[in-house]
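# Structural overview
The lines below spell out each chain.
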Amino acid sequence: MNLKEEFTFLHNLGLNVTLFGKDLKKCHRGPGKSNFFIVVTRSDGDKLHYRDTIPEEDLSRLKNWIRCGDPTGLTAEWREVSVGYSKWKVYLAGENQEIDCSMVEGEMFANEGGTTHTYARTGDAKWIKITHPEDEIRLSEHSGNNEAKGFSIPNGLTTAEHDVYNILLDAAQASKANCEKAPGVVVITDLAKDYDDLAAMVVLKELDRLGVVHLEAFIANLEPSRKRAIYGRAALDSLDLQHVPIGVGTEACIKKHKEYSYEFESPFMPNVETFQANKDNFFENGSELLDLVFNQAIKENRKVVLLLISSLTDIAEYTDDDDHLETFQNAVTRVYMQGGYSISTEGIPIPGDAANNNFDMEAAKRFHPRLKSIPSDVYTKVAAYATNIPASIFNYLGDTKHDIGIDLQSRYQRQGAQYYQTACGPHPINGITQERFLHNLSSFYEKHPPGTQLSEKGTPLPKDRTPLPNPGEDLDSNKNFDPDKYEIIPYLTKGLMYDALAGLATSGDNLVSALRVLDTKSMAKQTSIHKVIGTSKQDDLPANSNIHPERMAFVISTILKGGLYDSVQNSPGLQLE
């Protein structure tokens, strides 16, 4: 048995695997008789009986790892497995989150000076000394009593970044102490269109891992929506979120969306033609997935929050049906959006001129009034532009060598080069002209302040006579992409995380307040149940981001780093290397 391959196989089925052993030296001796212990749990609930959910050939491969005596999966058990010359004892966690080591304590723990200890394998290939497996194991938030337990801060973060994680962990512990369940989150997104959709997924993944939220489902919309859903499925799998389903949304755009080459060139993107969907976590009809999640929440007498970070076509069409509208109103406790609206005197949100509204303005006009009695928060481009996330974060993410990090690093540069080309062309998107791009999306004018002279296109020329960056030719493929070829790339120093801001907000008011990312004083006059974060200029009032920009940028960057660091450090394959 190739144990590394087996653990990767288990990991791909949504199982978490952690190694323990009291004899650190034996793990370096090569073949020989030794005892090691494996704790196997399932990330979406610890019932490990797969007979009805996986093919027969996979079932036979899992003969050492599934439960045989108790098909319900409710009772934990230890099983002995032979691996070469070694004996491995496998713990299959049941309904109870507590790991009972009494049956194997003598083998698993060493006793020195009256205290017992064992060693656990961590993601950075070191063994750490612990007194109980629960000090290390990442148990599912959703097993047993649904309490988060045993979560850790990833290695490699700075002291200040640790402080952010301590706030996140304190929030999870406070909810646990108050017997509160993490809010379920349903996301509608246009994955692959921009880097911020994927960044939002990483932020949500980490909030889910820490027990702050519980990810319930993603819907990928905007043509080609099925291709986006396949991209999203692969991204979720790479983040150990195999249990989170994704559905195919609508085309979500009145005008035909132009698909750019950077959108689906990714290290984890499957071949669309040969992709085989798993009906348990890939839904061909996103509306059916929405209906399933909403009705399940109602059945369990709980509520979910809805995160809308793309066109509003899907949620508008779902709530066009009176029965579905009632389901929506009974299931959803709050809506978080990336977009823009004003609030009428009757307290009804009115959609404004924002990209996600403009995809399908008629859908936006139908949906917004349906929020009258459901609290909502909208994060606008004013807040996004103020949150100047340094482009260096993408280098940190790429350096992890995680496929998501590599994707984000490449996507940031290629998307920036593509957007600049479009901004310089005859048909800029969303009013982002060359001048606006150089002001808002790059540091060019910071380094070369604009003067009074204009280019032929009307773009201000720098006072120091530095030429405007040449937009270059059509983008090369990801494989052949050379950043040095594009003059704008050295000036791409600002990361805009529109969707990640709204994603962070799903963690709830208490945590957002503890993180100190909102300027609550500037929002004191917003007394409606609908909040606008990033107010536009109105009459004599200047625009206000309503956030603490540097703090927001730091918190988002920290969670992005931590999210990928955790994924790398806790990958089963890496644990065995």
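Residues numbered from 1 in each chain as written. Predicted model: local features only at pLDDT ≥ 70, side-chain atom pairs only at ≥ 80, totals over all residues. Heavy atoms only, no water.

## Observations regarding the overall build of the chain
When helices and strands are tallied, the chain shows 20 helices and 21 strands. Within the chain, the proportion of its 577 residues that are buried is 55%. In the chain, the share of contacts with a sequence separation of at least 24, taken over all contacts with a separation of at least 6, comes to 72%. Just so you have it, the chain exposes about 25600 Å², and 48% of that area is on carbon and sulfur atoms. (Helix = DSSP H or I, 4+ residues; strand = E, 2+ residues; numbered from the N terminus. Buried < 20%, exposed > 50% of the residue type's maximum accessible area, 1.4 Å probe, protein only. Contact = heavy atoms within 4.5 Å. Areas by Shrake-Rupley, 256 points an atom, 1.4 Å probe, with all protein chains shown as cover.)

## Description of the pattern of salt bridges
According to the stated counting rule, one finds 21 salt bridges in the structure shown. The salt bridge partner of arginine 228 is glutamate 263, with a shortest N-O separation of 2.8 Å. Linking arginine 228 in helix α6 (residues 225-238) with glutamate 263 in the loop between β10 (246-248) and β11 (282-283), this pair joins segments that are 35 residues apart in sequence. Residue arginine 334 is joined to aspartate 509 by a salt bridge in which the shortest nitrogen-to-oxygen separation is 3.0 Å. Pair noted here: arginine 334 is in strand β13 (residues 332-338) and aspartate 509 is in helix α18 (residues 509-515), with a separation of 175 residues, a long-range link. A residue is classified by how much of its surface remains accessible, and arginine 334, at 17% relative accessible area, is buried. Look at the salt bridges and you will find they share partners, linking Lys205, Glu206, Arg209 and Asp566 into a network. (Salt bridge = Lys/Arg side-chain N within 4 Å of Asp/Glu carboxyl O.)

## Some details on the packing of helix α4 (residues 159-177) against helix α19 (residues 549-569)
Taken N-terminus to C-terminus, the directions of α4 and α19 make an angle of 85°; their axes are 10 Å apart at the nearest point. On the basis of the axis angle, α4 is roughly perpendicular to α19. Contacts from Ala160, Glu161, Val164, Tyr165, Ile167 and Leu168 in α4 reach Arg551, Phe554, Val555, Thr558, Ile559, Lys561, Gly562 and Gly563 in α19. Across the contact of α4 with α19, the residue classes break down as 8 nonpolar, 3 polar and 3 charged. (Axes fitted to C-alpha atoms, helices over the stretch in contact; angles between N-to-C directions. Parallel < 35°, antiparallel > 145°, perpendicular 65-115°, else oblique. Nonpolar A, V, L, I, M, F, W, Y, C, P; charged D, E, K, R; others polar.)

## Re a negative patch on the surface
Together, Asp321, Asp322, Asp323 and Glu326 give the surface a local cluster of negative charge. Tracing the sequence through the fold places aspartate 322 in helix α9 (residues 322-331). Residue classification places aspartate 322 among the exposed residues on the basis of a relative accessible area of 63%. (Patch = residues over 30% accessible without salt bridge, like charges linked within 9 Å, V, L, I, M, F, W, Y side chains within 5 Å. Lys, Arg positive; Asp, Glu negative; His and termini not counted. Charge placed at Lys NZ, Arg CZ, Asp CG, Glu CD.)

## Some details on the sheet that holds β13
Across the sheet, which stays open at both edges, the 8 strands sit in the order β11-β10-β9-β8-β12-β13-β16-β21 with parallel pairing between neighbours. If you trace the sheet from one side to the other, it starts and ends with β11 and β21 (530-533), each paired once. Here strand β8 (residues 184-189) pairs with strand β12 (residues 304-309) via 6 bridges, running parallel. Residue threonine 189 lies in a different strand from β12, and its bridge partner there is isoleucine 309. Strands β8, β9 (214-220), β10, β11, β12 and β13 of the sheet are contacted by helix α7 (residues 286-299), whose axis makes an angle of about 160° with β9. (Pairing = 2+ DSSP bridges.)

## Observations regarding the confidence of the model for the chain
Within the chain, residue pLDDT values average 83, and 78% of them lie at 70 or more. Every residue in residues 25-32 is under pLDDT 50, and counting partners more than four places away or in other chains gives 9 contacts. Confidence over residues 43-52 falls short of pLDDT 50; this stretch has 38 contacts with residues more than four positions distant or in other chains. (pLDDT = per-residue confidence, 0-100.)

## Focus: the environment of alanine 505
Along the chain, the position of alanine 505 falls in helix α17 (residues 498-505). Between the alpha carbons of alanine 505 and valine 378 there is a distance of 9.8 Å; along the sequence they are 127 residues apart. Setting aside residues no more than four positions away along its own chain, alanine 505 makes contact with Tyr336, Tyr379 and Val512.

## Overview of the pairing of strand β18 (residues 450-454)
When you tally the buried positions in β18, you get 0 out of 5 residues, a small fraction of the element. Across 2 bridges, β18 lies against strand β19 (residues 460-462) in antiparallel orientation. Each residue of the ladder has a partner; that of proline 450, found in β19, is proline 462. Between β18 and β19, which pair antiparallel in sequence order, lie 5 residues; one of them, glycine 458, sits at a positive phi of approximately 90°.

## Describing α4
Across its 19 residues, α4 extends 26 Å between first and last C-alpha, which sits within 8% of the 27 Å expected from 1.5 Å per residue. Those residues of α4 not exposed but buried are Glu161, Val164, Tyr165, Ile167, Leu168, Leu169 and Ala172. If you follow the buried residues of α4, they end up packed against α5 (195-209), α18 and α19. Looking one or two residues past α4, cysteine 179 carries a phi angle of roughly 60°, positive in sign. (Expected span 1.5 Å × (residues − 1).)

## Examining α19
Between its first and last C-alpha atoms α19 spans 30 Å; for 21 residues at 1.5 Å apiece the expected length is 30 Å, and the two agree. Taking burial as the measure, the 21 residues of α19 include 17 buried ones, the bulk of the element.

## Looking at the pairing of strand β16 (residues 376-379)
Side-chain direction in a regular strand flips from residue to residue, so the side chains alternate between the two faces of the sheet. Judged by which residues are buried, β16 turns out to be covered on both faces: Ser376 and Val378 on one side and Asp377 and Tyr379 on the other are all buried. The pairing of β13 with β16 spans 4 bridges and is parallel. Residue pairing across strands places methionine 337 opposite valine 378, the latter belonging to β16. In terms of strand pairing, β16 meets β21 through 4 bridges, oriented parallel. In the strand pairing of β21, aspartate 377 is matched with lysine 531.

## Points about unusual backbone geometry
Cis rather than trans, the peptide bond between glutamate 223 and proline 224 has omega equal to -5°. Mapped onto the fold, proline 224 is located in the loop between β9 and α6. With a phi close to 60°, alanine 252 is a non-glycine residue in the positive phi region. Here alanine 252 shows up in the loop between β10 and β11. For alanine 252, a relative accessible area of 4% puts it in the buried group. In the Ramachandran plot, lysine 401 falls in the positive-phi region, its phi being about 65° despite a non-glycine side chain.

## Some details on the packing of helix α13 (residues 392-399) against α19
Here α13 crosses α19 at 10°, and the two axes come no closer than 9 Å. Here α13 lies roughly parallel to α19, going by the angle between them. Facing Ile393, Tyr396 and Leu397 of α13, the residues of α19 in contact are Ser557, Leu560, Lys561, Leu564 and Tyr565. In terms of residue class, the contact of α13 with α19 is built from 6 nonpolar, 1 polar and 1 charged.

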